[in-house]
Amino acid sequence: MQKETIALHGGYNKKDGYGTMSVPIAQTTAYAFRDAEHAANLFALKELGPIYTRLTNPTTDVLEQRYAELEGGAAAICVSSGQSAIFYAIANVAEAGDNIIISDKLYGGAVTLLTHTIKRFGITAKVFKSADAADLEEQIDENTKAIFFESLSNPQIAIADIENIVSIAQKHKVLTICDNTVASAALFNPIKWGVDVVVHSTSKYTNGQGSAIGGIIIERDGLNEFFKDSKRYYHFNTPDESYHGLVYTEVPLPNFCLRVRLALLRDIGASQAPHNSWLLIQGLETLSLRVDKHSDSTLEIAKYLESHPKVKSVNYPGLESNENYNKAQKYFKDGKASGLISFEAENYDEAKKIIDTAKLFSVVVNIGDSKSLIVHPASTTHSQIPEDELIEAGINPTTVRLSIGLENPIDLIEDLEQALA
Ligand SMILES: *Cc1c(COP(=O)(O)O)cnc(C)c1O
């Protein structure tokens, strides 16, 4: 089935929901068992069914099935935020003494989580250049548990060398995890290019209206085989003492999500609220339509900015002049490049002035909202970072970042015109 159709119907059987057209919100903490035997069977995985909303929920379940189908995966699991999706994806494979290899172009929250917070748990991160991955292979060792990158990165707006990364990872049988938040499932599906695990912050384009925080992890088909005799991933093929000796690879359910659910959601519990799942289901219904529109408007605005005498440069992979243009054409649907764009103002003060004089753009550090957003990273999100590190991360004192919404681009261009005047 095509994506637009999956996004509307996937994972929901109306007969399970009293015939309701809108997926019902199962606003409940727990579920009644038929009897003691039923309860025992559920805990022993002899029978599948809901026990407690920290682990599963019927509304969340619809979103999980729908997303797995949309990304071409075998299973998905929702968590309470994009950050927790990243943490669980890593914690599912790595432990003290292990390392992961992460892209040099990542979301700020992912950088602090993966380089600082998990270091306190004994997991170290090495950094590779995701634009060409030439330095990836030499960094892989026997304790490397994952390679983590963003398909289209936020805030650098760069596209990873996905094919190369995947082929190096496959050669060494190391798991790849791709954050596909900015490209979105509408434009790109990492699993179709051989990626093992996909994560999203569903707070962004999935929700689409800036009304709920959420995260999701999706695994490809065939990961059970990948884990089966692997020494690197021995947790999956040796008994889990925390689950009375369960061996995940002996369970005929997609193992990656299964282990996140049975071990990590059980113990750490960053589960998604059923009401948020419902909001995200509403958003997902129109994902393709919206991301097409976000992309088309952003390209129009990129062309306008590129021709403006007071704009020094524009970074948008939909522009032919952009260094990521060929990758956008290669990987993304119709070469569309989503709604993030940045440009360089004449100087620091000018950048701040643009932020202050734009009227339609709200000064917000979110992305993927239906309303257009603007930020000056150097004086806000990245103000604690020294200038040389900033520039290394691709952020200049003059950088202005926009997340283009669904307003008519004529109005957005008019607003930018007066802000740049
Ligand atoms: C926002 C974002 C995250 C974090 O997601 P939250 O839902 O805010 O926790 C992770 N990765 C990317 C690319 C993001 O844009």
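Everything below is about the structure shown above.
Attention here is on the structure that accompanies the text. Note that the structure is a prediction, hence the values are computed from the model and not measured.

Digging into the site of the ligand
Within the structure, the ligand sits among 15 residues, and Gly82, Asp179, Ser201, Ser203 and Lys204 are positioned closest to it. At 2.8 Å from an oxygen atom of the ligand is found a main-chain nitrogen or oxygen belonging to glycine 82. Look at the ligand: alone it shows 380 Å² of surface, and the protein chains cover 93% of it. Residue contributions to the shell around the ligand peak at 3 residues, all from helix 4 (residues 82-91). The residue inventory of the shell around the ligand, partitioned by class, reads 4 nonpolar, 8 polar and 3 charged.

Quick notes on helix 6 (residues 162-172)
Where helix 6 is concerned, the buried positions are Ile162, Ile165, Val166, Ile168 and Ala169. Taken around the axis of helix 6, the buried residues stretch over an arc of 165 degrees, which confines them to a single face. Counted as exposed and oriented over 90 degrees from the buried face of helix 6: Gln170 and Lys171. Structurally, helix 6 contributes buried residues whose contacts are with strand 3 (124-128), strand 4 (144-150), strand 5 (175-179) and helix 13 (325-331). Downstream of helix 6 by a residue or two, lysine 173 has a phi angle that is positive, lying close to 55 degrees.

Topic: the packing of aromatic side chains
A complete count under the given rule lists 11 aromatic pairs for this structure. Ring centres of phenylalanine 227 and phenylalanine 236 lie 3.9 Å apart, and the angle between their planes is 5 degrees; this geometry places the pair in the stacked category. You'll find phenylalanine 227 and phenylalanine 236 in the same group, each marked buried. Grouping aromatic residues by their ring pairs yields a cluster made of Phe226, Phe227, Tyr233, Phe236 and Tyr248. Arginine 259 extends its terminal NZ or CZ atom over the ring of phenylalanine 236, reaching a point 5.0 Å from the ring centre.

A few points about the nonpolar core
Counting residues in hydrophobic clusters, the biggest one holds 94 residues, and the most contacted among them are Leu114, Leu175 and Phe256. With 8 residues, helix 10 (residues 255-267) is the largest single contributor of residues to this core. In this structure, this core is formed jointly by two domains, domain 1 (3-282) and domain 2 (288-420), each of which donates at least three residues. Setting aside residues no more than four positions away along its own chain, phenylalanine 256 makes contact with Ala89, Asn92, Val93, Leu175, Val197, Ile217, Glu219, Leu223, Phe227 and Phe236. Membership of the second largest hydrophobic core comes to 26 residues, among which are Ala302, Val314, Phe361 and Ile404.

Reading the values: the criteria
- Residues numbered from 1 in each chain as written.
- Predicted model: local features only at pLDDT ≥ 70, side-chain atom pairs only at ≥ 80, totals over all residues.
- Heavy atoms only, no water.
- Near = heavy atom within 4 Å.
- Polar contact = N/O pair within 3.5 Å; in protein donor to acceptor, adjacent residues only side chain to side chain.
- Areas by Shrake-Rupley, 256 points an atom, 1.4 Å probe, with all protein chains shown as cover.
- Helix = DSSP H or I, 4+ residues; strand = E, 2+ residues; numbered from the N terminus.
- Nonpolar A, V, L, I, M, F, W, Y, C, P; charged D, E, K, R; others polar.
- Buried < 20%, exposed > 50% of the residue type's maximum accessible area, 1.4 Å probe, protein only.
- Arc of directions from axis to C-beta.
- Contact = heavy atoms within 4.5 Å.
- Phe/Tyr/Trp six-rings, centres within 6.5 Å; stacked < 30°, edge-to-face > 60°.
- Lys NZ or Arg CZ within 6 Å of the ring centre and 35° of its normal.
- Core = buried A, V, L, I, M, F, W, Y, C linked by side-chain atoms within 4.5 Å.
- Domains from an automatic or database assignment.

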